[in-house]
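# Examination of the molecular architecture
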There are 2 protein chains.
Amino acid sequence: MAKKIEGTPKAHGFRMPGEFEPHQGCWMIWPERTDNWRLGGKPAQKAFVEVAEAIAKYEPVTMCVSHRQYMVARESLSENIRVVEMSNDDSWMRDVGPTFVKNNEGKIRGVDWRFNAWGGLLDGLYFPWDKDDMVAKKVCDMESVDYYSLEDFVLEGGSIHVDGEGTCIVTKACLLSPSRNPDLDQEAIEDMLKDYLGVEKVLWLENGIYLDETNEHVDNIIHYCAPGVVALAWTDDENDPQYPYSKSAYDYLTSETDAKGRKLKIYKLHIPNEVLITKEESEGVDAVNGTLPRNEGDRQAASYANFYIANGAVIVPMFKDEVHDAMAKETLQEIFPDREIVGIYAREIILGGGNIHCITQQQPK
Amino acid sequence: MAKKIEGTPKAHGFRMPGEFEPHQGCWMIWPERTDNWRLGGKPAQKAFVEVAEAIAKYEPVTMCVSHRQYMVARESLSENIRVVEMSNDDSWMRDVGPTFVKNNEGKIRGVDWRFNAWGGLLDGLYFPWDKDDMVAKKVCDMESVDYYSLEDFVLEGGSIHVDGEGTCIVTKACLLSPSRNPDLDQEAIEDMLKDYLGVEKVLWLENGIYLDETNEHVDNIIHYCAPGVVALAWTDDENDPQYPYSKSAYDYLTSETDAKGRKLKIYKLHIPNEVLITKEESEGVDAVNGTLPRNEGDRQAASYANFYIANGAVIVPMFKDEVHDAMAKETLQEIFPDREIVGIYAREIILGGGNIHCITQQQPK
């Protein structure tokens, strides 16, 4: 009962709503690959459960899981959470799930981008990724949501942020990477974003978060919080390699206007103290040829901007960094006075290469 | 959002509706095991598609399919049919799916019986069957339907037929088989049926269809068509080994009354001419240790009683047996004057050990 639609969302009057608009629910995928998640995935699963349960207090959550782990997920999660079988290569629903678009009558459709594990054979993070690439279709089919399917255009949901009113923010580091759509130039890519997200203006940051293995997804450095309002990952330490990335983004965004001609209000979210992989953590991951290794001492791309906006709440990663954790929660409460700010200790998620925004995908109401 | 419920449907005011009551939709599973379905399952898949498309004209159909065959199923079926991933050991949704029960307020719950591949290690048809045994739970969870889960009681949906008004018909050959619930006697099994189907009276036929490998499921020999009305597989040939089975069932049913004290009206559906496996058909099946072989010359348990009642239609197996096919359609039209009678050539399904009723499971409205 889900049809594959020809044409583009823009031509049909569909646009991607802002994450802060009302949700039907949230989709996630259960983590299990032992060459990315330490100790057979058990610590990560615990963290994913905490995220899912936190979100489920505010909106319905569906957890997709392989048959192999189905009973584990089912028994680990409360009955509030729907569990459905879905094969996967890893657990990044933001990047492999559908991007939902909506029209003025409140009708929802999906966009099924091509997924290549953040870089395919050039600098992708694992091989193969065929199961991941089918997740968006399967979600749409299960929900009887019609969808657009792009055979040739590679994009991950974490590489875009929209205000729902015509503006999209991306990074050049990711979208212009030769490992995504090397045959398209910036203008051609911008046209695709306009057509498939229903936006009029694309803002191009240079970079994302230092050492972010996704080629610096935009959702780790900024978050659209409301039309005209963004949260930006920041550091005051001019010697931190993140400083020029965040400074450049700040300068660019203050100099630009959005699709409606508004100046942006920018809230700074200071990054946590360095998160480095410990020896014990590194040793818990199966070393496998073809999958990005997790080496002792590697700096993780930790950022508070990688939060999830649920109906009535914001679910934000915490790093047991007393000062910056508190600052992040305070700033978010200022940005979202009417939402509860829920912190989840997320070290086990960032060890796998992403955070709360990366492992969730909202379905608009 | 699906809760596992303690207690029994009967205690909670739930009963299994008759198949002729209105449906929400129909569930099926895509066939693929090459040690049961010839030629890699391709001819059977074609027949399953015909059944699914026929039903989908009258009510929504969901096809469950393994990841491996997902794209094959998706591309083979029209967009009217929802396709969802679900691991399985074979494709008998009647037997592995939930039995849905309903209360007076129209609320639906599932019953998740224990499944052991029609006989477990004693005379089961394949090993293992763990994926099949999880299908009922997964369907309920996907649909957010609360369910009763029986850890210790083995039953298949094809071994029961109800009138929705207190009566259930079963066969002793199946339900009293030592390969199902050997520690329970007839009375104890009857109590379970009463508790979990919400019935007051159980009618016990001795046998089902000759050589039926399910230990003679009731759904191959009779079909409840309405309260007080059953269709019975029949033969006039007294030398046919089916004759004593059908005669005994006929004599028993004419001598009995249902839970409401009514005599039953019995319509005879003459079985088709013998369906024997050809050499070519046998050779198309992978011979595998532990799976029931499909030998040349084996008589199949072909019966017109194995039909599916959809909203507004009856989908009935045809065997390219001009005389009996026509007789079956005529009789069914007489029983169901307001439903369209749709015949589907079902040789490829019976070759796998069952028929249209066996591969479908209705979800009541």
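Residues numbered from 1 in each chain as written. Chains lettered and ligands numbered in written order. Predicted model: local features only at pLDDT ≥ 70, side-chain atom pairs only at ≥ 80, totals over all residues.

## Concerning the overall build of chain A
Looking only at helices and strands, one finds 11 helices and 16 strands in chain A. Here the C-alpha radius of gyration of chain A, 19 Å, is about what a compact globule of 365 residues would show, namely 21 Å. Seen through its C-alpha atoms, chain A measures out along the principal axes to roughly 50 × 50 × 45 Å. The buried share among the 365 residues of chain A stands at 53%. Pairs at least 24 apart in sequence give 74% of the contacts found in chain A among residues at least 6 apart. (Helix = DSSP H or I, 4+ residues; strand = E, 2+ residues; numbered from the N terminus. Rg over C-alpha atoms; globule rule 2.2 N^0.38 Å. Buried ≥ 20, exposed ≤ 12 C-beta atoms within 10 Å, placed from the backbone. Contact = placed C-beta atoms within 7 Å.)

## Quick notes on the interface of chain B and chain A
Of the residues lining the interface, 20 residues belong to chain B; the matching set on chain A comes to 20 residues. The set of elements that each furnish at least two residues to the side of chain B that touches chain A consists of strand 3 (82-85) and helix 5 (135-143) of chain B. The biggest single contributor to the side of chain B that touches chain A is strand 3 of chain B, with 4 residues. A per-class count over the side of chain B that touches chain A returns 9 nonpolar, 4 polar and 7 charged. (Nonpolar A, V, L, I, M, F, W, Y, C, P; charged D, E, K, R; others polar.)

## Some thoughts on the environment of E19 of chain B
Residues and elements named next belong to chain B. As for its placement among the helices and strands, E19 is situated in the segment before strand 1 (23-29). Judged by the 25 C-beta atoms lying within 10 Å of it, E19 falls in the buried class. For the pair E19 and V285, spaced 266 residues apart in sequence, the C-alpha separation works out to 33 Å. With sequence-adjacent residues up to four places away left out, E19 is seen in contact with Y224, I309 and Q362.

## Re the relation of the copies chain B and chain A
Of the transformation placing chain B onto chain A, the axial shift is 0.0 Å and the rotation is 180 degrees, giving an RMSD of 0.0 Å. Such a turn and shift between the copies fits a two-fold axis. Distance from the rotation axis, computed per C-alpha, reaches its smallest value in chain B at E85 of chain B: 3.1 Å. Same-surface contact between copies: 100% of interface residues of chain B are shared with the interface of chain A. (Least-squares fit on C-alpha atoms with pLDDT ≥ 70 in both.)

## Quick word on the sheet that holds strand 1 of chain B
Residues and elements named next belong to chain B. Strand order in this open sheet of 4 strands is 3-2-1-16, and the pairing throughout is mixed. The open sheet has two edge strands, strand 3 and strand 16 (361-364), and neither has a second partner. Averaged over all pairs of adjacent strands, the angle between strand axes in this sheet comes to 25 degrees, irrespective of strand direction. In the sheet, strand 1 pairs with strand 2 (residues 61-65) via 4 bridges, with the strands oriented parallel. (Pairing = 2+ DSSP bridges. Axes fitted to C-alpha atoms, helices over the stretch in contact; angles between N-to-C directions.)

## Some points on the pairing of strand 15 (residues 340-345) of chain A
In this structure, strand 14 (residues 313-318) of chain A lies alongside strand 15 of chain A, joined through 6 bridges in parallel fashion. Looking at strand 15 of chain A, one finds that P317 of chain A is bridged to I344 of chain A.

## A look at the sheet that holds strand 9 (residues 201-205) of chain B
Where strands meet in a sheet, backbone hydrogen bonds hold them as pairs that are either parallel or antiparallel. Residue and element names in this part refer to chain B. Pairing within the open sheet is mixed, and its 3 strands lie in the order 7-8-9. The open sheet is flanked by strand 7 (161-162) and strand 9, the only strands paired with a single partner. Two strands pair when backbone bridges link them, and strand 7 and strand 8 (residues 167-171) are joined in this way by 2 bridges, in the antiparallel orientation. Residue pairing in the sheet places H161 in a bridge with I169 of strand 8.

## Quick notes on the pairing of strand 11 (residues 229-234) of chain A
Residues and elements named next belong to chain A. Sheet topology places strand 10 (residues 222-226) next to strand 11; 4 bridges connect them, and they run antiparallel. Across the sheet, residue I222 finds its bridge partner in strand 11, namely L232. The antiparallel hairpin formed by strand 10 and strand 11 contains 2 residues in its connecting segment, where G228 sits at a positive phi of about 85 degrees. Summarising the sheet, strand 11 and strand 12 (residues 265-270) pair through 6 bridges and their orientation is parallel. Along strand 12, the bridge assignment pairs L232 with K268. The β-α-β motif built from strand 11, the intervening helix 8 (residues 242-255) and the parallel element strand 12 has right-handed crossover chirality. (Right-handed = clockwise from strand over helix to strand, strands pointing away.)

## Describing the nonpolar core
Membership of the largest hydrophobic core comes to 225 residues, with the highest contact counts inside it found for I315 of chain A together with I315 of chain B. Excluding anything up to four places from it in sequence, I315 of chain A contacts V51, A54, I55, F307, Y308, A310, V342, I344 and I356 of chain A. (Core = buried A, V, L, I, M, F, W, Y, C linked by C-beta atoms within 7 Å.)

## Description of the confidence of the model for chain A
On average, chain A scores 97 in pLDDT, and the residues at 70 or more come to 100%. Across the whole predicted complex the pTM is 0.95, and at the interface the ipTM reaches 0.92. (pLDDT = per-residue confidence, 0-100.)

## Some details on helix 7 (residues 186-197) of chain A
Residues and elements named next belong to chain A. For helix 7, built from 12 residues, the straight-helix expectation of 16 Å at 1.5 Å per residue is met to within 8% by its first-to-last C-alpha distance of 16 Å. Of the positions making up helix 7, those classed as buried are I189, L193, Y196 and L197. Viewed along the axis of helix 7, the buried residues span an arc of 85 degrees, placing them on a single side of the element. Along helix 7, the residues that are exposed and aim more than 90 degrees away from the buried face are E187 and A188. Buried residues belonging to helix 7 abut strand 5 (108-114), strand 6 (147-154), strand 7 (161-162), strand 8 (167-171), helix 6 (172-175) and strand 9 (201-205). (Expected span 1.5 Å × (residues − 1). Arc of directions from axis to C-beta.)

## A short note on unusual backbone geometry
In the segment running from F127 of chain A into P128 of chain A, the intervening peptide bond is cis, with an omega of -5 degrees. Secondary-structure assignment places P128 of chain A in the loop between helix 4 (120-123) and helix 5 (135-143). Although it is not a glycine, N215 of chain B sits at a positive phi angle of roughly 65 degrees. For N215 of chain B, the position within the fold is in the loop between strand 9 and strand 10 (222-226).

## Structural notes on the environment of V145 of chain A
Residue and element names in this part refer to chain A. Within the secondary structure, V145 is located in the loop between helix 5 and strand 6. Each C-alpha atom, one on V145 and one on P128, is 27 Å from the other, the two residues being 17 residues apart in sequence. The residues touching V145, leaving out its near neighbours within four places in the chain, are A2, I108, R109, G110 and C140.

## Re helix 8 of chain A
Between its terminal C-alpha atoms helix 8 of chain A stretches 20 Å, which fits the 20 Å expected from 14 residues at 1.5 Å a residue. Those residues of helix 8 of chain A hidden inside the fold are in contact with strand 9, strand 10, strand 11 and strand 12 of chain A.

## Some remarks on the environment of E280 of chain A
Structurally, E280 of chain A can be placed in helix 9 (residues 279-283). Remark: the alpha-carbon pair of E280 of chain A and D219 of chain A, spanning 61 residues in sequence, is separated by 29 Å.

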